Amino acid sequence: MSNAMTVDVEDWFQVQAFAGTLPRADWDGFERRVEANTDRILAMFADAHVKATFFTLGWVAERHPALVRRIVAAGHELASHGHWHRLVHEQTPADFAEDIASAKKILEDIGGASVQGYRAPTFSINTRNPWAFDVLEEAGYRYSSSIYPIRHDLYGMPDAPRFPYRPGAGRLLEIPMTTVRLGGRNFPCAGGGYFRLLPYQLFRAGLRRFNRVDAAPGMFYTHPWEIDPGQPRVAGAPAMARFRHYLNLHKMPSRMARLLRDFSWGRVDQVFADALAGA
Ligand SMILES: [Zn+2]
C-alpha cells in the first residue's frame, strides 16, 4: 500500500503562526528561502524515488516560476495552496473564490499541468464554512485535502469523516489528514508539527497501524521551512508559535529520509485514484 506524500510550498514568513507579526504587505521585503528549501526536498524525493504532491501558493509560484516547472518536470503533482495563505473561514465566499481561481490559473500557466487538488491554509475548512467545497468544485478543483479530524487549538474538525468523502453538492472529494483512532479518540498521524515533536518510532507505529487496521492509504504533509534551521527567527511572535515553528528543525532531514525508506509513497492523484474516480 502506498501513502500520499505532500508538501505545502510556502515560505517561513507566510505561516499562520506569524500572521499577526509579519503582515502580508511586508512579505516582499523578506529573504525568500522557499526555492532552495524546496529544491532540497526535491533532491530527497529523487534519491528515494518518491513522487509527491506539491500544494503551492500562487504567491510563491509568481516569484519562483522555474521552481514550479522543476516540480512538474520531476514527475510530481502540482496542486494549489491558494494564493495569499488566508484562512478560509476569514474570507467571504467571493474572496475565497477569487483566491483559489487566481492560484489555479497562475500554477497552470506556469507549470503547464492541470491543477486538480487544493489544501486550505492551516486546515481552515470546518463546520463554519462548508460552502467552501462547492466553491472549490465550481473553480474546477476535483479534490481537497483540508480537513484534519482532530481536536487542536488552532484547527481541526474532530467529528469529520476520517476517510475520503464527498462533502459538497457535487463530485469534489475531500481527502482528510490521517488520524489513528484509539479509545474512541482521533490522534494526529499526518506530519507537520507533531512529526517533529513526537519520537519517530511512535509516528511510524501510528502510520503502520493506520495502514493495517484501517486498510487505507495515509496522507502526510510537510513544509520547505521545516528542513531549514537557518531561517530568520521571528522574535516578536508569541512563545507558543515560536516553540511549534522552530522545534526539531535540525532533525528533519534524517527523519524524512527514514520516513521515505520505511513506507511506500506516491502522489495524491495516483494514491487516491480509485476514490477520485468514484470506485
Ligand atoms: Zn500553509
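Overview of the structure. Throughout, residues of each chain are indexed from 1 in the direction in which the sequence is written. pLDDT decides what is reported in this predicted model: residues at 70 or higher carry local features, side-chain atom pairs at 80 or more are listed and counted, and totals for whole chains, interfaces and linings draw on all residues regardless. To obtain the side-chain values, all non-hydrogen atoms of the structure were included, while hydrogens and water were left out.

Any N, O or S atom lying within 2.8 Å of the metal counts as a donor, with the limit raised to 3.2 Å for Na, K and Ca; because water is left out of the atom set, some sites can appear incomplete. E10 (OE), H81 (NE2) and H85 (NE2) make up the full set of protein donors to the zinc ion, lying at 2.0 to 2.1 Å. Between the donor residues of the zinc ion, the gaps in sequence give the motif E-x70-H-x3-H. Of the two residues, E10 sits in the loop between strand 1 (2–9) and helix 1 (34–47) while H85 sits in the loop between strand 3 (77–80) and helix 4 (93–111), which places them 75 residues apart along the sequence. Only DSSP runs of H or I covering at least 4 residues are called helices, and only runs of E covering at least 2 are called strands; the numbering of each starts at the N terminus.

A separate point is the nonpolar core. Residues M5, F45, F54, M256, L259 and W265 are the most contacted members of the largest nonpolar core, which totals 44 residues. Elements with a contribution of two residues or more to this core: strand 1, helix 1, helix 2 (58–63), helix 3 (65–73), helix 7 (200–213), helix 8 (239–246) and helix 9 (252–262). The biggest single contributor to this core is helix 1, with 5 residues. Among the nonpolar cores identified, the runner-up in size contains 23 residues, and Y118, A120, A132 and L136 belong to it. The set of buried Ala, Val, Leu, Ile, Met, Phe, Trp, Tyr and Cys residues whose side-chain atoms join them within 4.5 Å is what this entry labels a nonpolar core. Remark: exposure states derive from per-residue accessible area (1.4 Å probe, protein chains only) relative to the maximum for the residue type, with buried under 20%, exposed over 50%, and partly exposed in between.

Glancing now at the packing of helix 4 against helix 5 (residues 131–138). Two numbers describe how helix 4 lies on helix 5: the axes approach to 10 Å, and their chain directions differ by 40°. Our classification of the angle between helix 4 and helix 5 gives oblique. Crossing angle aside, the handedness with which helix 4 passes helix 5 is right-handed. Contacts between helix 4 and helix 5 involve P93, F96, A97 and I100 on the former and, on the latter, W131, A132, V135 and L136. By the convention adopted, Pro, Cys, Tyr, Trp, Phe, Met, Ile, Leu, Val and Ala count as nonpolar, Lys, Arg, Asp and Glu as charged, and the other residues, Gly among them, as polar. Its residues placed into classes, the contact of helix 4 with helix 5 shows 8 nonpolar, no polar and no charged. Fitted lines through C-alpha atoms serve as axes, helices being fitted only where they are in contact, and the angles separating the N-to-C directions of these axes extend from 0 to 180 degrees. Put simply, angles under 35 degrees are roughly parallel, angles over 145 are roughly antiparallel, angles from 65 to 115 are roughly perpendicular, and the rest are oblique. Two helices cross in a left-handed way if the nearer one is turned anticlockwise from the farther one by less than a right angle. They cross in a right-handed way if the turn is clockwise. The contact criterion used throughout is that any non-hydrogen atoms of two residues lie within 4.5 Å.

Further remarks concern a nonpolar patch on the surface. On the surface, L197, M240 and F243 cluster together into a nonpolar patch covering about 300 Å² of accessible area. Tracing the backbone shows M240 in helix 8. Each patch is built from residues lacking any salt bridge and having more than 30% relative accessible area; the joining distance is 9 Å for like charges and 5 Å for nonpolar side chains (Val, Leu, Ile, Met, Phe, Trp, Tyr). Using a 1.4 Å probe, accessible areas were evaluated by the Shrake-Rupley method; residue-level cover was limited to the displayed protein chains. The salt bridge criterion pairs a side-chain nitrogen of Lys or Arg with a carboxyl oxygen of Asp or Glu, the two atoms within 4 Å.

Purely geometric numbers; function is a separate question.
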